[in-house]
Each structure stands twice: as structure tokens, then as C-alpha cells.
Amino acid sequence: MTVDPRRIGVVTVARSDYGHLRPVLEGIRRASDLELVLFVAGMHLDPTFGSTAGEIEADGFAIAERVPMLEGSDSPEAVAASTGRGVEGFARAFARQRPDLLVVLGDRFEMLAAAVAALPFALPVAHIHGGEVSEGAMDNQIRHAITKLAHLHFASAEPHARRIAQMGEETWRIHAVGGPGIDRIAATAPLTREALAGELNLPAAGPWLLVTFHPVTLEYRDTAAHVDELLAALEKTAPLSLAAPARRRDGGQFVERAHRGAVLRAARGQYRSAAARAAARGQRDRRRARA
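What counts, and at which threshold
- Residues numbered from 1 in each chain as written.
- Predicted model: local features only at pLDDT ≥ 70, side-chain atom pairs only at ≥ 80, totals over all residues.
- Heavy atoms only, no water.
- Helix = DSSP H or I, 4+ residues; strand = E, 2+ residues; numbered from the N terminus.
- pLDDT = per-residue confidence, 0-100.
- Contact = heavy atoms within 4.5 Å.
- Core = buried A, V, L, I, M, F, W, Y, C linked by side-chain atoms within 4.5 Å.
- Buried < 20%, exposed > 50% of the residue type's maximum accessible area, 1.4 Å probe, protein only.
- Salt bridge = Lys/Arg side-chain N within 4 Å of Asp/Glu carboxyl O.

Our focus in this paragraph is the environment of Ser-16. Its location among the elements puts Ser-16 in helix 1 (residues 15–30). With 90 residues separating them in the primary sequence, Ser-16 and Gly-106 have C-alpha atoms 9.5 Å apart.

Below you can see the structure in the form of C-alpha cells.
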């Protein structure tokens with residue numbers, strides 16, 4: 001008697017979750033009794049962020065459904081509208097594909113839309129990276145909302161598993177398995193310092209400082225001021241590599257102010273262009289005016 005493979009739906013909405021999910025996708029693809037049904041949405045389909053659905057296909061994964069959902073900005077109104085579009089889009093996709101289980105990861109509003117859409121279908125949801133905490137961000141509420149919509153929980157650490165249990169989830173549903181992204185890191189050969197310096201256009205000698213800015217999304221009106229404070233402190237530092245958030249509003253403000261403040265220089269003490277020097281002078285003048 002032949003048993004049909006179980007159809008495992010997996011949702012990916014951005015590079016940020018795809019890197020974690022790749023080991024999971026590869027494991028499903030290798031399993032003879034499972035069939036991967038891949039739902040791709042969010043920033044993967046947005047040219048602003050590189051249309052990275054093509055990278056997924058280049059990795060050999062077939063895309064079952066594309067779910068366009070993003071509005072043209074990251075304003076509160078646009079995020080809420082995008083979530084609504086996502087619920088409708090995922091509902092149509094689930095009706096066509098009928099997966100037996102849906103895997104979601106993390107705390108993005110696009111993932112919440114998929115979990116909400118799954119509810120009327122009585123579609124079991126497995127949530128990876130639940131029970132974690134992001135202070136000052138709406139990610140917290142989204143992550144915990146997905147937890148309450150999910151049926152299986154794959155936590156990255158024991159404290160996170162305990163937090164899921166404190167939210168009333170039955171212990172047999174909770175599994176502390178670690179973060180799947182670690183499997184990918186363990187299988188990746190590290191670059192030499194010289195190779196990395198070449199990739200990032202940094203001097204191989206001397207200290208480096210990697211800076212990433214995660215906006216306080218519950219204080220979105222103050223993002224510009226937060227960026228200015230960070231960049232003012234960084235003006236005195238060693239060579240930098242700055243990682244901006246992938247949100248239009250917050251990432252755009254970060255990049256704009258970083259360029260205007262001329263902190264993306266190759267190294268302290270190196271010659272700055274006339275435009276960069278003028279931008280730096282303008283920033284100092286604005287600070288004096290505010291003082």
C-alpha cells in the first residue's frame with residue numbers, strides 16, 4: 001500500500017527568515033515521506049529589496065505560490081493594510097494547495113497574516129523561534145500572537161520554551177530544538193580576514209566595528225532622532241560596516257542620515273571627498289543650531 005507524502009507548507013517572506021529556514025527546507029526535500037510546498041511572499045517579491053524569490057529558485061526550491069501583499073511604505077496604515085492583503089492572499093493560496101501542515105518562523109507581520117489565514121482551514125501551524133523577546137518592538141506582540149495561533153512550537157532555547165508554556169500552551173506541543181540557522185552556520189566555511197576585508201572594502205589591518213540598527217518600532221516617530229544619536233557617537237570610531245534595517249521607512253532614514261553624516265568613510269584619517277566634508281560640516285552646524 002502506497003502512502004502519499006505529507007504536504008508540508010513553509011512560508012518565507014524575506015531574507016531574514018529564509019537564511020534560518022534553508023536547513024529546514026533541505027531536510028523536508030530530502031525526506032521521502034514529505035512534500036515541500038513553498039509559499040513566498042513579502043519582501044521576496046519586492047524589487048526594492050532585490051526580488052529575492054529568484055535566489056530561492058536558484059537554490060533549487062520550487063515555489064508553489066507567490067503571495068504579493070506589501071503596500072508602498074512602512075507607515076502604520078500600510079503595515080496594517082499589507083497584513084490584511086496577506087491574510088486574503090494566503091487564504092487563496094492555502095485553498096489551492098491544501099498543505100497538511102504549515103511552518104512559519106519568527107515575528108514578522110507577513111508571518112502573522114499566514115497564521116491567521118490558516119485558522120479557518122483548521123490547518124496545523126508549526127512555529128519556529130517562538131517565546132523570544134524583542135523589547136520596544138511590535139515584533140513581541142506579533143510573535144506571541146503567532147504562538148497562540150500555532151499548534152507545535154520549536155523554540156530556540158529552554159527559556160523561550162518556558163515562556164511559551166507560561167502562555168498556556170501544552171507542554172507536549174513545545175520542543176526546545178535550537179535555532180535552525182545555526183546548522184547553516186556550522187556548515188559554512190568562514191572567510192579569511194583578508195577575504196572579508198576585500199568583500200566589504202575595509203582595511204585588513206586594525207580594528208573593525210560592525211554596527212546594525214534595529215528601530216524601536218513602537219516609537220517610530222522618534223526613529224530619526226535615534227539614528228542621529230547613533231551616528232553622532234559613531235563619528236569617533238574605527239572603520240565601520242553599517243547594516244541598515246530592511247524596512248523602507250526606518251532603513252531609508254538610516255541610510256540617508258549615514259550618507260549625510262559621512263560616516264561611511266573607508267577609514268578614519270583617510271581623505272574625504274569635498275561632498276562628504278560638506279555633509280559633515282552641515283551636520284555639525286545643525287547640532288550647534290539645536291543646542
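Structure's up, so let's keep going.
Our next topic: the confidence of the model for the protein. Across the protein, the average pLDDT comes to 84, with 80% of residues at or above 70. Confidence over residues 261–291 falls short of pLDDT 50; this stretch has 37 contacts with residues more than four positions distant or in other chains.

Time to look at the nonpolar core. Counting residues in hydrophobic clusters, the biggest one holds 31 residues, and the most contacted among them are Val-11, Phe-39, Phe-90, Phe-94, Leu-102 and Val-104. Contributions of two or more residues to this core are made by strand 2 (34–41), helix 3 (76–97), strand 4 (101–105), helix 4 (109–118) and helix 5 (139–149). The greatest single-element share of this core, amounting to 8 residues, is contributed by helix 4. If near-sequence neighbours (up to four positions away) are discounted, Leu-102 is found in contact with Gly-9, Val-10, Val-11, Phe-39, Phe-94, Ala-114, Ala-118, Leu-123, Pro-124, Val-125 and Ala-126. Residues Ile-63, Leu-101, Leu-105 and Ile-128 belong to the second largest nonpolar core, which totals 17 residues.

All right, on to unusual backbone geometry then. Of note, the phi angle at Ser-51 is positive, near 45 degrees, even though the residue is not glycine. Within the secondary structure, Ser-51 sits in the loop between strand 2 and helix 2 (53–58).

Counted by the stated rule, this structure contains 12 salt bridges. A salt bridge links Arg-22 to Asp-59; the shortest N-O distance between them is 3.7 Å. Taken together, the positions of Arg-22 in helix 1 and Asp-59 in the loop between helix 2 and strand 3 (65–67) put the pair 37 residues apart, joining distant regions of the chain. A relative accessible area of 28% means that Asp-59 is categorised as partly exposed. The residue Glu-88 makes a salt bridge to Arg-92 at a minimum N-O spacing of 3.5 Å. Within this pair, Glu-88 and its partner Arg-92 are both found in helix 3, separated by 4 residues, close to a single helical turn. Judged by relative accessible area, which is 51%, Arg-92 ranks as exposed. In this structure, a network of salt bridges that share partners links the residues Arg-22, Glu-26 and Asp-59.

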